[in-house]
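Examining the three-dimensional arrangement
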Amino acid sequence: MSKATLTAVFIAFLLTSSGAKPNGKNKKPKQAVPAIECEVRAGKINLSEFIVKCPANCRETKEKVYGTGVFASISSICNAAIHSGVITNSGGKVIVMKMAGQMIYKGSFANGVRSLSLPNWRESFSVSVGKPKKGVTYPSTLVFVPSRPTTVKTGDRKDLPYSTASPVTEAVETEPSSTAAPPTTTHVTTPIITAPPITTSAKPRVTVHKVREAGVHRPETGTMIRRQPHVSSSSAPAPEEHKPPSETSHTRELLAGSNPFESGFRARGHDLTARVPELMSQGDSNCKVDIAFLMDGSWSIGKRRFMIQKDFLVEVSQVINVGVAGPMMGIIQYGDDPATEFSLKQFSSSKDLKPAISKIVQKGGLSNVGKALSYINKHFFSDANGNRGGAPNVAVVLVDGWPTDKVEEASRLARESGINIFFVTIEGPDENEKHNVMETNFVDKAVCRTNGFFSFPITSWFALRKAVQPLVKRVCDTDRLVCSKTCLNANDIAFVIDGSSSVGTGNFRTVLQFVANVTQEFEISDTDTRVGIVQYTYEQRLEFAFGQYNNKADLLNAIKRINYWSGGTSTGAAITFAADQLFSKSKPNKRKIMIVITDGRSYDDVRAPALAVHRKGVIAYSIGIAWAAQDELEYIATDPDRDHSFFVDEFDNLYKYVPKIIHNICNEFNSQPRN
């Protein structure tokens, strides 16, 4: 064998023994991607960044999505990815990155998925195409959010390692229901064997997974939440003065364990009323609101008037009948800076509030109301502070004279988050003092709507007591708390359906499916959106009235059960009938919406009946099919016609207008001045 041949053999041996590939490159390890179902929400997975694989046809599941671009963690990962265009409806890989909660999430319609608007959720996420960056490896197994098991102290759970051989209980959050009920928690068992993403080209990243509980610092929002001292089994009981008078350790655990939806009619936490101890006050269930009183602690108020203010708050707390099934009350004192005296969850009865209010000590400083409104918007109405699901948020601001800072911008942001702002101004500026006011017409700029309902001008501190009963009455009038309303929960909607013989049984079922698809998008309850239906031929029939079905499932079943009538076409008479039988019974502050669906020209006049309902404030939509008359559709519809009148050539194309109608209803609602 020649010397050259021996050299070649030796080199080949070295290459083989070193494990090098013929092209000189090591094969990159393949990223294992865990598969999830369509309904899995980002908040369910306890990782800050991870990759998942979505199945096909998630769009058809209609799993809820909240937001656009940045989504609330209560959203379905897969449908958020479809909405963003990261994947199609045939599924695919998605990278999810968690981030801090947003003040508001804007809904939109994209790629066949409708996302909903939502105020102020505690955690957000974004989605991107599932191609990991060079050097980044994501977990191959997902870590699910653990709940508190009875055998392990909550304070100890956060010290568990990433990998464990024993299973933990997974807390699965559900989205806000159509009736604005709080999210619930379903417990299933899942083993945890995973680690956070590791960057191979740099120092490994370590993500600390903490159990979400009341009384911890939340770095993603910068919020520090007060909590009672943790008591281990080996330590002595906490001193009695650390415990709110009405709370046993069991009731504190129930209240601290809630995960409410943060703002307005926000979805949000466990419903405590089903399992609170009997010793806790139930409160007035006709006044289920979460109220923050902002009391003026500035030096200008003086000690005597500060005492009158405390007496006023004590009297309000007794009249309003605080309890977990009714109103809950917290107090913030403001001066130079605001500070929480006690949160919503701290006292569960009027009896316990009285001594707590009497112990409040005056802070002093200026009257910085704008800063106080920013504080409650960012920090006070939160899950950790006891904010609840079906309860509107109310802020009652007491001001001696006038604010020493500007309130317009802070109050606007608070209103947009769903907080109903009331102002009680005592001894406001006289003509000689108005030049000292930082912001003219500050009350009108701050309150929820400038119709007098949200403002209480009091001429003297000694007359403040007279405002107790009127104030309690107004804050408990949930139908008029307009800043808690959204386009999906503030309507009385009447469908006026053509049941004439030209429609036919099959097409009539298609119309009912269209009605069900539109209804599905709204939040249905007696205090949210209500739906009524009239079917007409020559005659009219009330299929069901507003409020007859107060949850979405019953309402959709009722729509399916409607029987086709058959006959002539008297659309004008049907509009008049709907006005008499439905809209005459509308609730105050409900947006009245009529959707007329017809397939032909009417035998009677539609102009006069349509004009009459327009004058009563009804927003009318007309949907014509096949032989419907265009001029009649335009008479029926509210101006502008292009936003309220639609035509399809055949019944099977009705479904195309569902997102358009929802979009127009919401766009019209959001364009109306809220102040």
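Residues numbered from 1 in each chain as written. Predicted model: local features only at pLDDT ≥ 70, side-chain atom pairs only at ≥ 80, totals over all residues. Heavy atoms only, no water.

**Observations regarding the overall build of the protein chain**
Basically, it comes down to this: Only DSSP runs of H or I with at least four residues qualify as helices, and only runs of E with at least two residues qualify as strands; both kinds are numbered from the N terminus onward. Residue exposure (1.4 Å probe, protein chains only): buried if accessible area is under 20% of the type maximum, exposed if over 50%, otherwise partly exposed. Contacts were defined at the residue level, with two residues in contact if any of their heavy atoms lie within 4.5 Å.
Per the secondary structure count, the protein chain includes 17 helices and 27 strands. Out of the 675 residues belonging to the protein chain, those deemed buried represent 53%. A fraction of 77% describes how many contacts in the protein chain between residues 6 or more apart in sequence connect residues 24 or more apart.

**Description of the sheet that holds strand 24 (residues 540-544)**
Convention followed: Strands pair, by our definition, only if DSSP identifies at least two bridges between them. For every element, the axis is a line fit to its C-alpha atoms; helices are fit only across the contacting stretch, and the angle between N-to-C directions ranges from 0 to 180 degrees.
Overall, mixed pairing links the six strands, which are arranged 24-23-22-25-26-27 in an open sheet. One side of each edge strand has no neighbouring strand; the edge strands of this open sheet are strand 24 and strand 27 (645-648). When the angles between neighbouring strand axes are averaged without regard to direction, this sheet yields 20°. As defined by bridge partners, strand 22 (residues 491-498) adjoins strand 23 (residues 530-536) across seven bridges and the pair is classed as parallel.

**Details of the nonpolar core**
Filter applied, for reference: Among the buried residues, those of types Ala, Val, Leu, Ile, Met, Phe, Trp, Tyr and Cys that are joined through side-chain atoms within 4.5 Å form a nonpolar core.
In this structure, F293, L294, V396, F422 and F423 are the most contacted members of the largest nonpolar core, which totals 73 residues. Element by element, the count of residues in this core is highest for helix 5 (residues 302-320), at seven residues. With residues up to four places along the chain from it excluded, the contact list for F422 reads V394, A395, V396, V397, V447, F453, F454, F456, L471, R474, V475 and L481. Grouped together as the second largest cluster of nonpolar side chains are 48 residues, F514, A516, V518 and I595 included.

**A few points about the side chain of T340**
You can see T340 is positioned in strand 18 (residues 338-342). On the accessibility criterion, T340 (14% relative accessible area) is buried.

**Looking at the sheet that holds strand 3 (residues 70-72)**
Strand order across the open sheet formed by five strands is 1-4-9-3-2, with antiparallel pairing between neighbours. Each edge of the open sheet is held by one strand with a lone partner, namely strand 1 (49-54) and strand 2 (67-68). The pairing of strand 3 with strand 9 (residues 123-129) spans two bridges and is antiparallel. Each bridged residue has a counterpart across the sheet, and for F71 the counterpart in strand 9 is F125.

**A few points about the state of the cysteines**
Each disulfide is one covalent bond, formed between the sulfur atoms of two cysteines. In plain terms, the rule: A pair of cysteine sulfur atoms is labelled a disulfide when the two atoms are within 2.5 Å.
All chains considered together, the criterion is met by five disulfides. Between C54 and C78 runs a disulfide, and the two sulfur atoms are separated by 2.2 Å. In this structure, the disulfide formed by C54 and C78 twists by about -95° around the S-S bond and is classed as left-handed. Separated by 24 residues along the polypeptide, C54 in strand 1 and C78 in helix 2 (residues 77-84) bring together distant segments of the chain. Both residues of the pair, C54 and C78, count as buried. Between the sulfur atoms of C287 and its disulfide mate C476 the distance is 1.9 Å. Note on the C287 and C476 pair: the S-S dihedral is about -70°, so by sign convention the disulfide is left-handed.

**Considerations on the side chain of S343**
Tracing the chain through its elements places S343 in the loop between strand 18 and helix 6 (350-358). If we ignore the near neighbours within four places in the chain, the residues touching S343 are M329, G330, F380 and N385.

**Examining the environment of I104**
Tracing the backbone shows I104 in strand 5 (residues 104-105). Since its relative accessible area comes to 36%, I104 is described here as partly exposed. Taking the C-alpha atoms as reference points, I104 and S117, separated by 13 residues in sequence, lie 7.6 Å from one another. Apart from the residues lying within four places of it in its own chain, the contact partners of I104 are L118, P119, N120 and E416.

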